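Commentary on secondary and tertiary structure
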Amino acid sequence: MTQVQSLFERIGGADAMPSLVEQFYGRVLKDPELKPFFADANMEKLKRMQVEFLSAALGGPVHYEGSPIRRAHSHLKISLANYQRFTQHLFAALADYKLSEQECYDVIFRLDVHANDIVTKGVDPVP
Ligand code: HEM
């Protein structure tokens, strides 16, 4: 019987996550719109926490032990547009992994459930 693999396993498991996160933040920090958010961040710790968070969110056998995600972001005043740009960089970073396009979207969907805890209401322009 074939076992359905988690997205965590499809990406390559614990061996692959640190380099995915490294590549991902490489893209984020090259983006002039997103870079300023990270000016005061401890990137070593942030990447370590993101490996944990992402691994757990994608079905890996990992427990996220960082700050609650809302508390980690509420002071940053992140707009929905900033959030979407951030996840687009993750989508782009996933192209180096053997995932189907649908699986790449599935990764983003798994994170989108947390968007309300990351985005600050009232920052985006009201149409
Ligand atoms: C899918 C979306 C996101 C996820 C899963 C995520 C995840 C995380 C995690 C796990 C941490 C570490 C918390 C800790 O230190 O314990 C963190 C911190 C941080 N995140 Fe995010 N994040 C997301 C979106 C964003 C966006 C869109 C921005 C900015 C545009 C951002 C900026 C930051 C910054 C600056 C920190 C460091 C805060 C500090 O050290 O005070 N994040 N994030």
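Relevant structure appears above.
Residues numbered from 1 in each chain as written. Predicted model: local features only at pLDDT ≥ 70, side-chain atom pairs only at ≥ 80, totals over all residues. Heavy atoms only, no water.

**Quick word on the coordination of the iron atom of the ligand**
For a metal bound by four donors in a tetrahedral arrangement, the ideal donor-metal-donor angle is 109.5 degrees, while six donors in an octahedral arrangement ideally sit at 90 or 180 degrees. For the iron atom of the ligand, the protein supplies a single donor, His73 (NE2), at a distance of 2.0 Å. Within the secondary structure layout, histidine 73 lies in helix α4 (residues 69-73). (Donors = N, O, S within 2.8 Å, 3.2 Å for Na, K, Ca; no water. Helix = DSSP H or I, 4+ residues; strand = E, 2+ residues; numbered from the N terminus.)

**Quick word on the packing of aromatic side chains**
For the structure shown, the criterion picks out six aromatic pairs. Considering the side-chain rings of tyrosine 25 and phenylalanine 38, the 6.0 Å spacing of their centres and the 75 degrees angle between planes classify their relative orientation as edge-to-face. Pair noted here: tyrosine 25 is in helix α2 (residues 17-29) and phenylalanine 38 is in the loop between α2 and α3 (43-57), with a separation of 13 residues, a long-range link. For the pair shown, tyrosine 25 and phenylalanine 38 are each scored as buried. Here the aromatic rings of phenylalanine 53 and tyrosine 64 are separated by 5.1 Å at their centres, their planes lie at 90 degrees, and the arrangement is edge-to-face. One end of the pair, phenylalanine 53, is in helix α3; the other, tyrosine 64, is in the loop between α3 and α4, and 11 residues separate them in sequence. A relative accessible area of 13% places phenylalanine 53 in the buried class. (Phe/Tyr/Trp six-rings, centres within 6.5 Å; stacked < 30°, edge-to-face > 60°. Buried < 20%, exposed > 50% of the residue type's maximum accessible area, 1.4 Å probe, protein only.)

**Digging into the environment of serine 55**
Within the secondary structure, serine 55 sits in helix α3. Between the C-alpha atom of serine 55 and that of leucine 7, which follows or precedes it by 48 residues, the distance is 8.9 Å. Contacts of serine 55, omitting those with residues within four sequence positions, involve Phe8, Met17, Gln50, Gly60 and Val62. (Contact = heavy atoms within 4.5 Å.)

By themselves these figures say nothing about function.
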